[in-house]
Amino acid sequence: MIDGKPSRTCAEKHDTVPVGWRRDAAMVSRMAGIDTLAWFDGEIRNLQEIRVSPLAHALHYGTGAFEGIRCYRQASGRGGVFRLREHMERLSTSCRILGVSIPYDTVTLCEATLETLRANSFDAAYIRPLVFMGEGAMGVAGGDNPIHTLIAVWQWGSYLGDDGMKHGIKTLITSYERTTGNAAPIRGKLTGQYIQSFMAKRQVRALGIDEGLLIDRDGYLSEATGENLFVVVDGTIFTAPDSSPILHGITRDTVLTIAADLKIPVRLERFGRSELYRADEAFLSGTAAEITPVRAVDDRTLRVSPGPVTKAIQSTYLELVRGNGPRATEWITEV
Ligand SMILES: Cc1ncc(COP(=O)(O)O)c(C=O)c1O
């Protein structure tokens, strides 16, 4: 869990920093201890022994593409990766958008993911593939710098906390605008683009709020810093349409499929602050956050959290990723 309380040592170490920043410091320190086996440029290596040049282009200019994927323990006792192919296809698309040529095809990346999970004997894990520009030409445009590929795995609980999963989280509509297509290529999951999410997330955390929501240039809600956003009004689910400046979340797609299966009406429409304030329920979707109910927006508490629609979507999702449901065979790759 990344949003948990800091350990004693971390809290002590960071006694001089403002309260809201302590959790981040604790998180960094905990994450730094990850010592798993990773796949790097075609080989399984100790994660902590992989060395990257301080002059790697991506460190300076954010020229990387990444994914977040989850593997769940299935009823069989084996691990199963949820929508692996779709994630690797999105990674490949992100690289195409960025204009770097990924050195491995999707099948190789899927195989490499399974190999990494097996090497660690993990039946449940978070998986972080990252493709980035290495050291070479140092100007903004780079040159024929080497392209590195990493697949790291580690064990990671609920991204927004177990309590958040059960009772809902507090959100704030931040003043940060979600980038639109002319400012940056919004459909790719590109590392440099996350500076906005970083700024918004740090801001809300410092205020004791769990997650930040971003508006688009026209003032409509787009998404959260790392999740897609849904509201429920009179039993109908609303979420920003594909044409909005959002990441086309794979979990969002799963939610839309589940809603269709459960015969819950969905409208892909832009909505603003008022709709969110008057909503009966709201929830976020993302690979890391899974389906997290929203309990409050700004200074307002929503009517119910989790409401009946959120609960139905959440429980169906959590069953599905563990292999229970009609789409499980199609969407889960056994390790
Ligand atoms: C900005 C943003 N929106 C939405 C999502 C949800 O995407 P997915 O469901 O594919 O994990 C993510 C997570 O990757 C994200 O970073």
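For every chain, the first residue of its written sequence is number 1, and the numbers climb from 1 along that sequence. Local features in this predicted model are restricted to residues of pLDDT 70 or higher, and side-chain atom pairs are both shown and tallied only at a pLDDT of 80 or more, whereas totals for entire chains, interfaces and linings draw on every residue. By convention in this description, side-chain values take in all heavy atoms of the structure and omit both hydrogens and water.

Asks: Can you walk me through the pattern of salt bridges in this structure?
Replies: A side chain of one charge can pair with a side chain of the opposite charge if their charged atoms are brought near each other. Between Lys or Arg on one side and Asp or Glu on the other, a salt bridge is scored when a side-chain nitrogen of the former is within 4 Å of a carboxyl oxygen of the latter. Under the counting rule described, the total for this entry stands at 17 salt bridges. A salt bridge links R90 to E67; the nearest nitrogen and oxygen atoms lie 2.8 Å apart. With R90 in helix α4 (residues 84–98) and E67 in the loop between β3 (64–66) and β4 (69–73), this residue pair connects regions lying 23 residues apart in the sequence. Think of it in three bands: residues with accessible area under 20% of the maximum for their type are buried, residues over 50% are exposed, and the middle band is partly exposed, with areas taken using a 1.4 Å probe on protein chains only. Relative accessible area serves as the criterion here: at 0%, E67 is assigned to the buried category. One salt bridge in this structure joins D280 and R303, with 2.9 Å as the shortest N-O distance. Of this pair, D280 sits in the loop between α9 (273–278) and β14 (281–286) while R303 is found in the loop between β16 (300–301) and α10 (308–320), placing the two residues 23 residues apart along the sequence. Given a relative accessible area of 15%, D280 falls into the buried group. Strands are runs of DSSP state E lasting at least two residues, helices are runs of H or I lasting at least four, and both sets are numbered from the N terminus onward.

Asks: Would you take a moment to explain the nonpolar core for this structure?
Replies: Side chains of nonpolar character tend, in soluble globular proteins, to be buried together. Here, nonpolar core refers to any group of buried Ala, Val, Leu, Ile, Met, Phe, Trp, Tyr and Cys residues whose side-chain atoms link them within 4.5 Å. L213, L221, L276 and L284 are the most contacted members of the largest nonpolar core, which has 34 residues in total. What makes two residues a contact is simply this: any of their non-hydrogen atoms within 4.5 Å. Apart from the residues within four sequence positions on either side, L276 is in contact with I173, L213, L221, V231, A282, V297 and L302. In this structure, A65, V81, L84 and I102 belong to the second largest nonpolar core, which totals 26 residues.

Asks: Just checking my understanding: could you explain the site of the ligand for this structure?
Replies: Being near a molecule or strand, for a residue, means having at least one of its heavy atoms within 4 Å of it. Around the ligand, the surrounding shell holds 15 residues, and the nearest of these are K189, Y194, E223, T251 and T287. Measuring from an oxygen atom of the ligand, one finds a side-chain N or O atom of R90 at 2.8 Å. We define a polar contact as two N or O atoms separated by no more than 3.5 Å, with the added condition that, inside protein, one atom must be a possible hydrogen donor and the other a possible acceptor, whereas residues neighbouring each other in sequence contribute only through side-chain atom pairs. Here an oxygen atom of the ligand sits 2.6 Å away from a polar atom, N or O, in the side chain of T251. When the free accessible area of the ligand is taken as 380 Å², the share hidden by the protein chains comes to 94%. When contributions to the shell around the ligand are tallied by element, the ones reaching two or more residues are α8 (250–261) and β14. All residues other than Ala, Val, Leu, Ile, Met, Phe, Trp, Tyr, Cys, Pro, Asp, Glu, Lys and Arg, Gly among them, are scored as polar; the first ten of these are nonpolar and the last four charged. When the residues that make up the shell around the ligand are grouped by side-chain class, the tally is 3 nonpolar, 8 polar and 4 charged. In short, Shrake-Rupley with a 1.4 Å probe defines the accessible areas, and a residue's cover is counted only from the protein chains shown.

Asks: Sorry if this is basic, but what is going on with the domain arrangement of the chain here?
Replies: It is common to report an interface's size as the accessible area lost on association of the parts. Throughout the structure description, domain borders are defined by an automatic or database domain assignment. In terms of domain boundaries, the chain breaks down into domain 1 (37–154) and domain 2 (162–320). Placing the centre of domain 1 and that of domain 2 at their C-alpha centroids yields a distance of 26 Å. By buried area we mean the combined loss of accessible area, with a 1.4 Å probe, across both parts when two parts are placed together. Roughly 1600 Å² is buried in total at the junction of domain 1 and domain 2, and carbon and sulfur atoms are behind 62% of that figure. A salt bridge links R83 to D253, with the nearest nitrogen and oxygen atoms 2.8 Å apart. Our count for the domain 1 to domain 2 interface comes out at 13 residue pairs in polar contact (both at pLDDT 80 or more).

Asks: Explain the pairing of strand β15 (residues 290–297) to me, please; I cannot follow it from the model alone.
Replies: Among the 8 residues of β15, 7 are classified as buried, and the element is accordingly described as predominantly covered. When DSSP finds two or more bridges between two strands, those strands count as paired. Taken together, the 3 bridges between strand β8 (residues 169–177) and β15 define a ladder with parallel strand orientation. Bridging across to β15, K170 finds its partner in A296. Bridging between β14 and β15 involves 4 bridges; their strand directions are antiparallel. Across the sheet, the residue bridging to G286 is E290, located in β15. Following β14, the chain reverses through 3 residues before pairing antiparallel with β15. Bridging between β15 and β16 involves 2 bridges; their strand directions are antiparallel. Following the sheet pairing, V297 is matched in β16 by R300. Where β15 hands over to β16, the hairpin turn is made up of 2 residues, of which D298 adopts a positive phi near 50°.

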